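Chain and residue survey
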Number of protein chains: 2
Amino acid sequence: MSDLAPVLDHLDRSIDKSLERLFSLLRIKSISTDPAFAAECRKAAEWLVEDLKSIGFDAGIRDTAGHPMVVAHHEGEGPHVLFYGHYDVQPVDPLELWEDDPFDPQVKEIEPGRKAITGRGSSDDKGQLMTFIEACRAYKAVHGKLPCRISILFEGEEESGSPSLRPFLEANRDELKAEFALVCDTAMWDRETPAVCVGLRGLVGEEITVKAADRDLHSGFFGGAAANPITVLARVLGALHDDNGRVTIPGFYEGVEETPERILKSWEGLGQTTESFLGPIGLSRLSGETGRSALELVWARPTAEINGISGGYTGEGFKTVIPAEASAKVSFRLVHAQDPDKIRAAFRAFVEARIPSDCSVEFHKHGGSPAFQLDYDMPLVTKAQAALTEEWSKPAVAIAMGGSIPIVGDFRKMLGMESLLVGFGLPDDRIHSPNEKYDVTSFHRGQRSWARILDMLSK
Amino acid sequence: MSDLAPVLDHLDRSIDKSLERLFSLLRIKSISTDPAFAAECRKAAEWLVEDLKSIGFDAGIRDTAGHPMVVAHHEGEGPHVLFYGHYDVQPVDPLELWEDDPFDPQVKEIEPGRKAITGRGSSDDKGQLMTFIEACRAYKAVHGKLPCRISILFEGEEESGSPSLRPFLEANRDELKAEFALVCDTAMWDRETPAVCVGLRGLVGEEITVKAADRDLHSGFFGGAAANPITVLARVLGALHDDNGRVTIPGFYEGVEETPERILKSWEGLGQTTESFLGPIGLSRLSGETGRSALELVWARPTAEINGISGGYTGEGFKTVIPAEASAKVSFRLVHAQDPDKIRAAFRAFVEARIPSDCSVEFHKHGGSPAFQLDYDMPLVTKAQAALTEEWSKPAVAIAMGGSIPIVGDFRKMLGMESLLVGFGLPDDRIHSPNEKYDVTSFHRGQRSWARILDMLSK
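All values derive from a computational prediction rather than experimental measurement.

What counts and how
Residues numbered from 1 in each chain as written. Chains lettered and ligands numbered in written order. Predicted model: local features only at pLDDT ≥ 70, side-chain atom pairs only at ≥ 80, totals over all residues. Least-squares fit on C-alpha atoms with pLDDT ≥ 70 in both. Contact = placed C-beta atoms within 7 Å. Helix = DSSP H or I, 4+ residues; strand = E, 2+ residues; numbered from the N terminus. Nonpolar A, V, L, I, M, F, W, Y, C, P; charged D, E, K, R; others polar. Pairing = 2+ DSSP bridges. Axes fitted to C-alpha atoms, helices over the stretch in contact; angles between N-to-C directions. Parallel < 35°, antiparallel > 145°, perpendicular 65-115°, else oblique. Left-handed = near helix turned anticlockwise from the far one by under 90°. Expected span 1.5 Å × (residues − 1). Buried ≥ 20, exposed ≤ 12 C-beta atoms within 10 Å, placed from the backbone. Arc of directions from axis to C-beta.

1. Here we look at the relation of the copies chain A and chain B
With an axial shift of 0.3 Å and an RMSD of 0.3 Å, the rotation relating chain A to chain B amounts to 180 degrees. Given the turn and translation reported, the copies of this chain are related as if by a two-fold rotation axis. Taken together, the interface assignments show that 100% of the residues at the interface of chain A recur at the interface of chain B, consistent with an identical surface on both copies.

2. Structural notes on the interface of chain A and chain B
Listed by partner, the interface residues are 67 residues for chain A and 67 residues for chain B. Only strand 10 (217-218), helix 7 (219-222), helix 8 (229-238), helix 10 (274-278), helix 11 (294-300), strand 11 (303-312), strand 12 (321-322) and strand 13 (325-334) of chain A provide two or more residues apiece to the side of chain A that touches chain B. If one sorts the elements of the side of chain A that touches chain B by residue count, strand 11 of chain A sits on top with nine residues. Residue classes in the side of chain A that touches chain B are distributed as 28 nonpolar, 28 polar and eleven charged.

3. As for the sheet that holds strand 18 (residues 437-439) of chain A
Residue and element names in this part refer to chain A. Pairing in this open sheet of three strands is antiparallel, and the strands run 4-5-18 from one edge to the other. Strands at the two margins of the open sheet, each flanked by one partner only, are strand 4 (107-111) and strand 18. Strand-to-strand twist across the sheet, computed as the mean angle between neighbouring axes with direction ignored, equals 45 degrees. Bridge count between strand 5 (residues 114-118) and strand 18: three bridges; the pairing is antiparallel. In the strand pairing of strand 18, Ile 117 is matched with Tyr 438.

4. What to know about the packing of helix 2 (residues 15-26) of chain A against helix 4 (residues 126-143) of chain A
Two numbers describe a pair of packed helices, the interaxial angle and the distance between the axes. Residues and elements named next belong to chain A. Where helix 2 meets helix 4, the axes come as close as 10 Å, and the angle between the chain directions of the two elements is 140 degrees. Relative to helix 4, the element helix 2 lies oblique. Between helix 2 and helix 4 lies a crossing whose hand is right-handed. Residues Ser 18, Arg 21, Leu 22, Leu 25 and Leu 26 of helix 2 form the contact with helix 4, whose participating residues are Lys 126, Gly 127, Met 130 and Glu 134. Residues of the contact of helix 2 with helix 4, tallied by class, amount to four nonpolar, two polar and three charged.

5. Some words on unusual backbone geometry
Residue Asp93(A) is joined to Pro94(A) through a cis peptide bond whose omega torsion reads 5 degrees. The residue Pro94(A) is located in the loop between strand 3 (80-86) and strand 4 in this model. At the junction of Asp124(B) and Asp125(B), the peptide bond is cis and its omega measures out at 5 degrees in the coordinates. Locating Asp125(B) in the fold gives a position in the loop between strand 5 (114-118) and helix 4 (126-143). If you check the backbone angles, His432(A) has positive phi at about 70 degrees while not being a glycine. Note on placement: His432(A) falls in the loop between strand 17 (418-422) and strand 18.

6. Section: helix 12 (residues 340-352) of chain B
All names here are of chain B. Across its 13 residues, helix 12 extends 18 Å between first and last C-alpha, which sits within 8% of the 18 Å expected from 1.5 Å per residue. Residues of helix 12 that are buried: Ile 343, Phe 347 and Val 351. One side of helix 12 holds all its buried residues, which, seen down the axis, span an arc of 70 degrees. Turned more than 90 degrees away from the buried face of helix 12 sit Asp 341 and Ala 345, all of them exposed. Where helix 12 is buried, its residues contact strand 9 (202-211), helix 8 (229-238), strand 13 (325-334) and strand 14 (360-369).

Here's what the structure looks like:
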């Protein structure tokens, strides 16, 4: 730890200066989705290039069809890592709901003894990405070198669907490939408990349309003799789950693993109960597979959800119609090794087996991506956990997330590397909403955490 | 038959004059749903009053909150009957689809040897109601009297929901009550086969809304743990029928009778097959209860149909939402002695038993009316069948109809009298559509049929 201690000391002494640097970046209105702010996006990229150059990175702007990428490299003795973040931010409307100017950041005491940095991007993702740069800066200041070989990729379109990212990865595969990626765009479990995210559910989207008669029918003349496509659809969708909440599609659970007992225990230790999970949204009873906790259900189990359904007359009053068609949007959250293509095919077969012979069904594909799951015992994970545990007051927990982060799938598929997701956001950061903030503690101890992680990875 | 033969002869001789009278009535634009035609509605009522007075009826206009009623009475030796019809017509748009002016009727040869009266209301219901008046006129011309005591009720709001009818029946109960009602607003089976309609299905409408979380949820964060109201709804609606098409609601078939074998045989004799019934709408396989013919299913069996469903995101593309609620409109066609209130209660219990304890369901009532069913052996029915069989080339069939005609329920419930439904419309009359017509044969032999029915009823 002889290399690390002075770096941590340096970070403690330079917190004011690091805040000033973050404020400079936060003042740039890099809203990617609004073309009016294109010049501001470029300005943020240029600011980062200059900052990285100032600490010895070989950094440059890379133009794309959209907003530019920032790519930087620095030599080092340890393993080669690629750090990813994004400099673009969400729009700020409705502006009238902000207590302070979203682009004039400040440090405010938000409750006794708790200070936060205000402004759009303070948490997502400018504050988070700067924790990593500050850790690098401190290493250079103290030792004149970095503990790992570090490449950096910052994009400027994360908040608008990352249209340029895949073409860019494809075109710069060799340059960007590292042993693994570090991604700082996630959150801690709570203010005291750091987290490493090792699982993200995948997604398969399907739209189905059941067609029966070639026109809408009067239910008086045809009711009870002609197929009703809403009834057909309801019977299909009503059969998707058994009485224990398991998905009934044959082969659906292929590739799904049971989560190790010690991981389930660690999740139990987080204190999330059915009540604390469902209470805030007005529910009290877990849906889905029986006998599993809320966190296991959303982090480590696959789902079949109906996201939309429509058919027949849905306006005011009543119309005794048997419609010609009815449709639904259905999505599946995938875990572990579930194959999106197989799931899609199995669902389609499941539906087709339930369509009367004189009716038809049309399928429309809406995206598909596999889950991302690291082995809980992988050194990348356990080292990061150890580093975080030393920094924070509670042991770092290996968590999963119910939603998708497409970049980790792209890194795995296109560059053949796994991603470590570590972040210091908090559930109350209000990202994407008015009054976004980032705790000063997140910013400061985030820097220290990255210093520790880089040190641990170098060993 | 001595009284009848000269009446029939008179009708044959006066066909041209009867057509002139009908044309006068058809030229009046009595569209009830459009306030711009209110004066025309009154004009049609007044025309009918004058015509009825001219053949000795004590006839008058009766004002209502909407368009006026026509009420008329005439003494007679036989039983007291109430004849019902309506003088209002459907709107005519889209006008450009009419081959001839809808309010300038004419007789056209529509195929070799087949002549029809053109114009809005020619079939529904001015042509039909005039068949009865012409039969009365001929009796008066030949014998100076009528074979039955006859009251007449014509309304002017049948095409716009009959809002004034029930209050009017309620207020004039004693005056309108007869031994039974004759209603001329239905059709023949085909051009050669007359029909008496002895069954009409009832209707219960229900709208249900399933509510789960108190807001829309992101399926990544909550999918698999929080109740999805669309899934709950699909499971409820998907369970409404068993694999043999029978409705699974406990007690649903209480009051449903099996149709007599000889009636089923007579329906078979009509030559309607699954192919001829479903082919024209692009289907080939009977839905509903297995082992029953198309006609039995729509005429004599109850149904549960989903008429509309909606929930979640139904626009273009995809949104991984778990919505806060989902809803459906469900209707039940009732037969025989099924009780609308019991069916509604049984459905609600069926739904409630399938709602998770932390979700809720709201019901919204949309109307309810029992079925109308005469005994196939009732003298009123068999006499009418005998009279029609004498007039037409094929035996009159006792049929049912899949839809509802509210007036017959009101006559039964409010005036305690049954209704005989006999009409001479044809399936290709295009009622409610452009180019409505009424076969001259329907008009002429319809008059003769009523003369025969009145004669038969007087015996």
